[in-house]
Amino acid sequence: MPFRSRRCLSGILPLLVTLIPFTPSFAQTGVPTPVSVLGHTPGDDFYLADYEDSIRYFHALAASSNRIKLFSVGKSTEGREFEIAVISSPDNLARLDEYKEDSRKLADSRGLTDAQARELAHSSKIIVHIDGGLHSNEVAGGQHSLALAYKLLSAQNDPQVDAILNNVILVLWPTLNPDGQDMVVHWYRQNLGTQYEVSPMPWLFQDYAGHDNNRDGYMQNMIESQVVTKAEMDWSPAIFYCQHQTAPFPARIWIPPFSDPISSNISPYMRSWLNVVGTQMSASLQEQHMPGAISEYRFDNWYPGFLDFTSVFRNEVSFFTETALYRYATPRFYTVDEFPKESQDLKALTMYTDPWQGGWWRLGDAVRYMVAGSMSVLDTAAKYHEQMLYNRWQAAHDNIDHYQHNPPYAYVLPNPQTDTPEAAQLADVLVKNGIEVHVAKQPFHANGIDYLAGSWVVLMDQPWSNLVKELFEPQHYPQAILDGNSGKPVTLPYDVTGWTLPMQMGVRADAVTDPVSGEERAHLELLTTVATPKGAVEGAGPVFALSHKSNASFEAVNDILAAGGSVSFSRASIPTSEGSETGAFLVNGISKANLETIAEKWGVSAVSTSKSGEAIPLHKARVGLYRPWDPSIDEGWTRWILEKYNFAPVSIYNAGMKAGDLKSRFDTIILPDIAKSVLLDGFKPGIVPSQYSGGIDNSGVEALRQFVQQGGNLVAFNDAASAVIDLLGLPVSNILEGAGPDQFFCSGALLRVELADRSRPAVWGLPENPIVMFEKGPAFAVKPGFKGAILARYPKGINPLESGVLLHPEKIEGQAAAVEVSVGKGHVFLYGFKPQWRAESHGAYKFFMNTLYRYDAPDFGNLQLVEAVREPAEKSPAHKSGEDDADMRR
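Residues numbered from 1 in each chain as written. Predicted model: local features only at pLDDT ≥ 70, side-chain atom pairs only at ≥ 80, totals over all residues. Heavy atoms only, no water.

Asker: Explanation requested: helix 7 (residues 140-154) in the structure shown.
Answerer: In an α-helix, one turn spans 3.6 residues; hence positions three or four apart end up facing the same way. For helix 7, built from 15 residues, the straight-helix expectation of 21 Å at 1.5 Å per residue is met to within 8% by its first-to-last C-alpha distance of 21 Å. Along helix 7, 13 of the 15 residues are buried, which leaves the element largely enclosed by surrounding structure. (Helix = DSSP H or I, 4+ residues; strand = E, 2+ residues; numbered from the N terminus. Expected span 1.5 Å × (residues − 1). Buried < 20%, exposed > 50% of the residue type's maximum accessible area, 1.4 Å probe, protein only.)

Asker: Where do I start with the packing of helix 11 (residues 268-287) against helix 12 (residues 363-405) in this structure?
Answerer: For the pair helix 11 and helix 12, the least separation of the axes is 9 Å and the interaxial angle reads 160°. In this view, helix 11 runs roughly antiparallel relative to helix 12, as classed from their interaxial angle. Considering the relative orientation of helix 11 and helix 12, their crossing is right-handed. Residue composition of the contact of helix 11 with helix 12, grouped by class: twelve nonpolar, eight polar and two charged. (Axes fitted to C-alpha atoms, helices over the stretch in contact; angles between N-to-C directions. Parallel < 35°, antiparallel > 145°, perpendicular 65-115°, else oblique. Left-handed = near helix turned anticlockwise from the far one by under 90°. Nonpolar A, V, L, I, M, F, W, Y, C, P; charged D, E, K, R; others polar.)

Asker: Explain the pairing of strand 8 (residues 317-323) here, please?
Answerer: Working note: regular strand, side chains alternate between the two faces of the sheet. The element strand 8 is largely enclosed, with a buried count of seven among its seven residues. Here strand 8 shows two buried faces, one formed by Val-317, Phe-319, Thr-321 and Thr-323 and the other by Ser-318, Phe-320 and Glu-322. The pairing of strand 5 (residues 239-244) with strand 8 spans six bridges and is parallel. Bridge assignment links Phe-240 to a residue of strand 8, and that residue is Ser-318. The pairing of strand 6 (residues 253-259) with strand 8 spans two bridges and is antiparallel. Of the residues in strand 8, the one forming a bridge with Ile-253 is Thr-323. (Pairing = 2+ DSSP bridges.)

Asker: How do you make sense of the sheet that holds strand 3 (residues 126-131) when you look at a structure like this?
Answerer: Two strands in a sheet stick together by hydrogen bonds in their backbones, pointing the same way (parallel) or opposite ways (antiparallel). Strand order in the open sheet formed by eight strands is 1-2-4-3-5-8-6-7, and the pairing between neighbours is mixed. Two strands in the sheet have a free side with no partner beyond their single neighbour: strand 1 (68-75) and strand 7 (293-300). Going across the sheet, the axis of each strand differs from the next one's by a mean of 30°, ignoring polarity. Its contacts with the sheet put helix 8 (residues 159-167) on strand 2 (81-87), strand 3 and strand 4 (168-173), and the angle it makes with strand 4 is roughly 90°. (Contact = heavy atoms within 4.5 Å.)

Asker: Looking at this structure, I do not really get helix 5 (residues 96-108). What am I missing?
Answerer: With 13 residues, helix 5 extends 18 Å between its outermost C-alpha atoms, agreeing within 8% with the 18 Å of an ideal straight helix rising 1.5 Å per residue. Residues Leu-96, Tyr-99, Lys-100, Asp-102, Ser-103, Leu-106 and Ala-107 constitute the buried set of helix 5. Burial along helix 5 is one-sided: seen end-on, the buried residues are contained in an arc of 160°. A positive phi of about 80° marks Ser-109, the residue just after helix 5. (Arc of directions from axis to C-beta.)

Asker: What is the right way to look at unusual backbone geometry in this model?
Answerer: Residues other than glycine predominantly adopt negative phi, and peptide bonds predominantly adopt the trans conformation. With omega at 10°, the peptide bond leading from Phe-249 into Pro-250 counts as cis. Within the secondary structure, Pro-250 sits in the loop between strand 5 and strand 6. The phi angle at Asp-697 is positive, at roughly 45°, despite the residue not being glycine. For Asp-697, the position within the fold is in helix 22 (residues 697-709). Since its relative accessible area comes to 30%, Asp-697 is described here as partly exposed.

Asker: For this particular structure, what's the right way to read the packing of aromatic side chains?
Answerer: Working definition: an aromatic ring pair is given by the centre-to-centre distance plus the angle between the planes. Enumeration according to the criterion identifies 48 aromatic pairs in this entry. Ring centres 5.5 Å apart and planes at 75° place the aromatic pair Trp-187 and Trp-203 in the edge-to-face group. Here Trp-187 is found in helix 9 (residues 178-191), whereas its partner Trp-203 is found in the loop between helix 9 and helix 10 (223-235), with 16 residues between them in sequence. With a relative accessible area of 2%, Trp-187 lands in the buried category. Relative to Trp-764, the ring of Phe-569 lies with its centre 5.4 Å away and its plane at 85°, an arrangement referred to as edge-to-face. Placement of the pair is Phe-569 in strand 20 (residues 566-570) and Trp-764 in the loop between strand 32 (754-755) and strand 33 (771-774), with a sequence separation of 195 residues. (Phe/Tyr/Trp six-rings, centres within 6.5 Å; stacked < 30°, edge-to-face > 60°.)

So, in structure tokens, the structure goes:
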């Protein structure tokens, strides 16, 4: 919407109004209206309540109504208190603990007969989670929470509200991202009435994860994810409803049912209720003359990592809606000629029954639609609470019964294994998701194997174990939605198509195919937390060998260097706790006692060695991470990993890059997965305030070139790797450039690669055939004049797909997946995949962590030229093929 000076006063007035002291005015019920506390009604043009405003209003409600109680459930990344409002009748609130316990009993199912479950479902109340969203630039969600609370607390003689309060216990989260709500609201307020009123915020709205805060559902990396999931399991809601705001234009709200595919690991009861909730909402919106509701289109829930969906595997009816958004609280007028051409006829469709006709769209409209959606969900819960609660018991009961008679009967994470601390992390992920994990107190016999005591065992006859199967088995798209001729999905997937967690983390997880006997079960101990494996230091030293195969060794090495010790790479193969290794970490210059403390902390083992041979001394690198003002989620994840492993990355913004002299400040610079246009140009002038516009431009490119020439390591992931090839003129090509989906398509699947040259330090510690996450990346061929090494390539003549969907694998078979290019005194590392994808791909971390130390590398000046990999010729379609995902984000 063009800037108009008439709006300047409108933008300033809300700011002035908040400074005026108000004498609270109350509705007839004695419940304060939002305007009496905040000076505004939620949804007012040009006004947004921040998190502190929201909490202030909820406190005012709690002080005036006996239908609401407030609870603190944790703190955010920046230390804000998470507060939730529980709304129901006074009688229900008085028996809150009892109803919570009832809900947990039904969700677990064990200990209840069918008759007891029916009686409990009849006598209990249904708990419903509704929140104000977690994507903070989708601003209406947080405002809707205020309006919804007021509607429920102020209603008098309203049969619908009375039924809801009597039968439902609403757990209302003002937002799932308090930090982000404040960031976005304050950014909008400072730009209100200026040419930048609707400009995008130039940093992530949740530190590290940004939009991917809704991709952390099962990994639980982020503090906010942990708080939400822990509270969710405590309250055990039967419904989990999250507000979003990216409706497919020109629709005004997207609602369930979802598009296919949907996982067969989700209980059929939950799959059915998802459809019921959506159709009920559609009818409710129509009844209230709210046009523009659409279903199915675009959004599937194939990926289980959405924070607002992972709980469906805990048998909660988990879903979201997407209400239309312009930008912030600024209104926008739409005409039909702005609609996509296929929507301009305004014809109804089966899943778009009442097309929107255009006109003004305000924040208040979005709030109204969201409140209507929430009320519909609460109304459905009130009407069908008994059936929903009983079905939840059935889902858990049926799941237990299934795995008592069908494999897999259990999964075993052997202890020890190649990377035992990673296996412990995987077990901990399960525990955080409410999965029961046992430890074997003596050898555990299964599959004809005696697993050692200390191994972790996940018995599958438990209520929510289908989540384990979802995370542990390879993903295969349902044949019903694949085109019979091309193998291409009829509807492109919304997110990634494969995520098998043991594969990603490099962990061995064995499925048990025979029933687990009572004798074996008797020697299993249920864990509440998963301890770090025991570390050890064997021998007197003074030189110790530390295995390179464990990711935790990097944490130990960084502690050793920080403590003044010395660490080297072994060039020869030497004994470690994991067998003989080339590239093992050699440690000296630190006392055995101090080394024991570090080894115990990280769960690694070091052994005394006298066979150090030729070694490459390491120094903790000065790591720079490019951080664009056009915020990058991949940068955030990379920064989180580097900080977790104590690499202490320094953010390099555009000015720092263009200032040059990078080698004096950094030894390694990482470019996250960003497009060439973002790297070079960033935000165009006039889009954001001038200090945030632009990219590194040609001067930054020249600074990077000099950095590498002078001996620096430049690491580039995915799209950044493609950009670097062109910008630095490297003798490498991206063979996938310009390839359409009829030639190659893979937007998120797990592929196997082969290490091509194990003499390179960049691949030390990795297995021979690591699995990587390929997400719309490049693949490489080297050109004449190339000096360096191919680090990893896709197998020749073999489909590299391990989990997910891949279309036309022949295009990349035998081609390079990761390349090290020698440039001057330095090196450029190009990765055509994401070795740090969403902080899940732990098994690929070493690809880039090995490049982060400063060391005198082997004499790359004497490298033989690597034979160029020819551009692949067209091949007949005699390969299995598949496909991936649409470039869209929830």
